[in-house]
Amino acid sequence: MIHPESGSNIVESGIVDAVTADDGKITLSLAFSKARDPFATKIKQQAQSILEGEFPSHRITVVIREAAPRAPQPEKRTTTGGIAHVIAVASGKGGVGKSTVTANLAVALRDRGFRVGILDADIYGPSQPKMFGVEGYVPDAVERDGETLIVPAESMGIKLMSIGFFIQPTDALMWRGAMATNALKQMIHQTEWGTIDFLLADLPPGTGDVHLSIISELKLSAAVIVSTPQQVAVADVVRGVEMFRHQQVGVPVAGIVENMAWFTPEELPDNRYYIFGRGGARRYAEENGIELLGEIPIVQSIMECSDNGRPASAIDERVAEHYRAIADKVVEKVVKGC
Ligand code: ADP
């Protein structure tokens, strides 16, 4: 017999607690670990009729009892206790600038006086080490009070732990599924984060195992969605938003950042060319009850600075202004609740 909810056999899963046969009488004891298992009565009735069919000359008694509570689990050790807020940065597709937005938002939050960390969980393209000029960093392990902790990189006052520190770019395809999620769990719970106001988690594009793992291992305060104008309405963005808003996940979506919203050439600073279309994110945001946190133009310095190991927000005042406005909105949303 199979338990309808767990799908497991009632003998193998330990529900069949004891069977006694004695003097024409069979007694079956069923033990359910859930206090009021909704399927207990049904299973009892089925067991009763199966036994009556098999042993018509016996008197059958099936009793239900509650299984002894499981031994309390030891409290999970984690280094995340000093982190006030975790904000996931997600996108439907790759290449829309999610990692760039994460790095620049981190710098803008730091400029507002917050202690900031980044967890780069983008297993398909961990680009934070390059953007912060710490490529090739090899994390050290240190002993603290009998615990082994991993020392994060630190650049521009921002603590950074990246899956990229543990894999070679050529390995990326191997680091999927269980392997990546196990490594991430360690990165989350063993990194010496210290006290942090905002930890930004740079997620892989789309929805998948890493998202589930981050959602279950960290208490997310909010999610920020990044999209380009032409990607905003595609199913992947919608799925991403739904994933966070799902009732069992319940992570508020702080809003959407429209990246590469327009292009302004250096020589024509007043001209805006909407090369990927115009107003897509604003429309999407309005239709879905999401705030448009800001629009970032295509700016050469954004790409160049990322390539040179310092996010543009730290160098180019025009870029910094956009990001500070976004940071202020995110802080307000997170502190007041989205
Ligand atoms: P994702 O994380 O979504 O895959 P990235 O952040 O790696 O995307 O960005 C993809 C490329 O686009 C990078 O080369 C980055 O420097 C560039 N880029 C991102 N946003 C902008 C922008 N607003 N202006 C110019 N280049 C940008």
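Anything mentioned here points back to the structure above.
Criteria and cut-off values
Residues numbered from 1 in each chain as written. Predicted model: local features only at pLDDT ≥ 70, side-chain atom pairs only at ≥ 80, totals over all residues. Heavy atoms only, no water. Salt bridge = Lys/Arg side-chain N within 4 Å of Asp/Glu carboxyl O. Buried < 20%, exposed > 50% of the residue type's maximum accessible area, 1.4 Å probe, protein only. Patch = residues over 30% accessible without salt bridge, like charges linked within 9 Å, V, L, I, M, F, W, Y side chains within 5 Å. Areas by Shrake-Rupley, 256 points an atom, 1.4 Å probe, with all protein chains shown as cover. Helix = DSSP H or I, 4+ residues; strand = E, 2+ residues; numbered from the N terminus. Expected span 1.5 Å × (residues − 1). Arc of directions from axis to C-beta. Contact = heavy atoms within 4.5 Å. Core = buried A, V, L, I, M, F, W, Y, C linked by side-chain atoms within 4.5 Å. Near = heavy atom within 4 Å. Polar contact = N/O pair within 3.5 Å; in protein donor to acceptor, adjacent residues only side chain to side chain. Nonpolar A, V, L, I, M, F, W, Y, C, P; charged D, E, K, R; others polar. Phe/Tyr/Trp six-rings, centres within 6.5 Å; stacked < 30°, edge-to-face > 60°. Lys NZ or Arg CZ within 6 Å of the ring centre and 35° of its normal. Pairing = 2+ DSSP bridges. Axes fitted to C-alpha atoms, helices over the stretch in contact; angles between N-to-C directions.

> Looking at this structure, I do not really get the pattern of salt bridges. What am I missing?
For side chains of opposite charge, pairing can occur when their charged atoms come near one another. Per the stated rule, a full pass over the model turns up 16 salt bridges. In this structure, R318 engages D316 in a salt bridge whose closest nitrogen and oxygen atoms are separated by 3.2 Å. The buried category is assigned to D316, whose relative accessible area is 10%. Linked by salt bridges that have partners in common, K93, D236 and R239 make up one network.

> Honestly, a nonpolar patch on the surface in this entry has me stumped. Any pointers?
Nonpolar side chains collect at one region of the surface, where F263, L268, Y273 and I275 lie side by side and expose about 350 Å² of accessible area between them. Looking at the element boundaries, I275 is found in the loop between β12 (253-263) and α7 (280-287). By relative accessible area, which is 52% here, I275 ends up exposed.

> Help me understand helix α1 (residues 40-54) in this model?
Since one α-helical turn is 3.6 residues long, residues separated by three or four positions face the same way. Taking 1.5 Å as the rise per residue, α1 with 15 residues should run 21 Å; its terminal C-alpha atoms sit 21 Å apart, in good agreement. Regarding α1, the residues found buried are A40, I43, A47 and L51. Projection of α1 onto a plane perpendicular to its axis shows the buried side chains occupying an angular sector of 65°, all on one side. Away from the buried face of α1 by more than 90 degrees, exposed residues Q45 and G53 are located. Packed against the buried residues of α1 are β2 (25-32) and β3 (59-66).

> Even after reading the chapter, I still don't get the nonpolar core, so can you show me in this structure?
Within soluble globular proteins, side chains that are nonpolar tend to cluster in buried spots. If you look at the biggest cluster of nonpolar residues, it comprises 80 residues, and the most contacted ones within it are L119, F132, I214, L220 and F244. Residues contacting F132, with those up to four places away along its chain left out, are A103, V107, I118, S155, M156, I158, L160, G309 and P311.

> Any chance you could explain the site of the ligand here in plain terms?
Residues in contact with the ligand amount to 15 residues; listed here are only the nearest, G95, K98, S99, T100 and N259. Taking P297, its main chain carries an N or O atom lying 2.9 Å from a nitrogen atom of the ligand. Against a free-state accessible area of 570 Å², the protein chains account for coverage of 80% of the ligand. Looking at the shell around the ligand, the elements that each hand over two or more residues are α2 (98-111), β12, β13 (292-298) and α8 (300-307). Across the shell around the ligand, the residue classes tally to 8 nonpolar, 6 polar and 1 charged.

> For this particular structure, what's the right way to read the packing of aromatic side chains?
To describe a pair of aromatic rings, you give the distance between the ring centres and the angle between the ring planes. Throughout the structure, instances matching the rule amount to 3 aromatic pairs. The interplanar angle of 90° and the centroid separation of 5.0 Å between the aromatic rings of F114 and F198 together place this pair among those described as edge-to-face. Here F198 lies in strand β10 (residues 196-202) and F114 lies in the loop between α2 and β5 (116-120), a separation of 84 residues in the sequence. A cation sits over an aromatic face here: R272 above W262, 3.8 Å from the ring centre.

> In this structure, what is going on with the sheet that holds strand β1 (residues 16-22)? I would like to understand it.
Strand-to-strand pairing in sheets goes through backbone hydrogen bonds, with the strands running parallel or antiparallel. Read from one edge to the other, the open sheet built from 3 strands follows the order β1-β2-β3, with strand pairing classed as mixed. Edge strands, defined here as strands with exactly one partner in the open sheet, are β1 and β3. Taking the axes of each pair of neighbouring strands and ignoring which way they run, one obtains an average angle of 15° across the sheet. Alignment of β1 against β2, held across 6 bridges, turns out to be antiparallel. Residue V19 lies in a different strand from β2, and its bridge partner there is L28.

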